[in-house]
Amino acid sequence: MTAQDALVAIMISVSASHGAVRTSELVAIQQMVNHLPVFGQYDTDRIRRVAQTVFDLFEEEEGLDALFGLIRDALPERLFETAYALACDVAAADGHLYQPELRLLEEIREELAVDRLHAAAIERGARARHVRP
């Protein structure tokens, strides 16, 4: 798993966390992968494979722990806040924050040791970007 795969895995896990992957979340993931510099050299054909890995791990008893292990192994510390920001953007993309999403965001924040103050700023930015009229 590459660092970019780990970022994609985090985004997909947030989208799948509430049991239904919403079109708006998939569109948000695709747009971020297509436009953000961190994905500049990323092969978008890998998204489907990463998604299947996430779905397979979600089926297992300790799958979330295994997913976090893969992510920690692949993701350099300098991208931890980026990962959390991407996760927040996916969670906010459909205009609703579901309890499973909020719990997973909390776990991501803890697993990646994102400072609480920084996390609050990232969360506020995601809300501002995805506000509905």
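Reading the values: the criteria
- Residues numbered from 1 in each chain as written.
- Predicted model: local features only at pLDDT ≥ 70, side-chain atom pairs only at ≥ 80, totals over all residues.
- Heavy atoms only, no water.
- Helix = DSSP H or I, 4+ residues; strand = E, 2+ residues; numbered from the N terminus.
- Rg over C-alpha atoms; globule rule 2.2 N^0.38 Å.
- Buried < 20%, exposed > 50% of the residue type's maximum accessible area, 1.4 Å probe, protein only.
- Contact = heavy atoms within 4.5 Å.
- Areas by Shrake-Rupley, 256 points an atom, 1.4 Å probe, with all protein chains shown as cover.
- Core = buried A, V, L, I, M, F, W, Y, C linked by side-chain atoms within 4.5 Å.
- Patch = residues over 30% accessible without salt bridge, like charges linked within 9 Å, V, L, I, M, F, W, Y side chains within 5 Å.
- Salt bridge = Lys/Arg side-chain N within 4 Å of Asp/Glu carboxyl O.
- Axes fitted to C-alpha atoms, helices over the stretch in contact; angles between N-to-C directions.
- Left-handed = near helix turned anticlockwise from the far one by under 90°.
- Nonpolar A, V, L, I, M, F, W, Y, C, P; charged D, E, K, R; others polar.

A. Spotlight on the overall build of the chain. Along the backbone of the chain there are 7 helices and 0 strands. Mapped in sequence order, the helices and strands of the chain form the string α-α-α-α-α-α-α. Here the chain has a C-alpha radius of gyration of 13 Å; the compact-globule value for 133 residues is 14 Å, and the two agree. Overall, the chain is about 35 × 30 × 30 Å in size when its C-alpha atoms are taken along their principal axes. Across the 133 residues in the chain, those meeting the buried criterion constitute 44%. Sequence-distant contacts, at least 24 apart, represent 74% of the contacts inside the chain between residues at least 6 apart. Carbon together with sulfur atoms contributes 50% to the accessible area of the chain, which is approximately 7,400 Å² in total.

B. Just the nonpolar core, in detail. In terms of nonpolar packing, the biggest core is built from 44 residues, with Val8, Met11, Leu75 and Ile108 touching the most fellow members. Listed by contribution, the elements that provide at least two residues to this core are α1 (3-16), α2 (23-35), α3 (46-59), α4 (63-74), α5 (80-92), α6 (99-111) and α7 (116-129). Those residues in contact with Leu75 that lie beyond four places of it in its chain are Ala3, Ala6, Leu7, Ile10, Phe80 and Ala83.

C. Region of interest: a nonpolar patch on the surface. A contiguous nonpolar patch, built from Val21, Leu26 and Phe55 and spanning about 230 Å² of accessible area, is present on the exposed surface. Within the secondary structure layout, Val21 lies in the loop between α1 and α2.

D. Inspection of the environment of Arg46 at higher detail. For Arg46, the position within the fold is in helix α3. Here the alpha-carbon distance between Arg46 and Asp5, two residues 41 residues apart in the chain, equals 7.6 Å. Once residues lying within four places of it in the same chain are set aside, the contact partners of Arg46 are Thr2 and Asp5.

E. Highlighting the pattern of salt bridges. Applying the stated criterion to the full structure yields 6 salt bridges. Salt-bridge contacts for Arg116 lead to Glu123; the nearest nitrogen and oxygen are separated by 3.3 Å. With relative accessibility at 47%, the residue Arg116 sits in the partly exposed group. Note on Glu123: relative accessible area 17%, which makes it buried.

F. Geometry of the packing of α1 against α4. Two elements in contact, α1 and α4, have axes separated by 8 Å at closest approach and are oriented at 145°. Seen from above, α1 lies across α4 with left-handed handedness. On the side of α1, the interface is formed by Ala3, Ala6, Ala9, Ile10 and Ser13, while α4 contributes Leu67, Ile71 and Ala74. Here the residues of the contact of α1 with α4 sort into 7 nonpolar, 1 polar and no charged.

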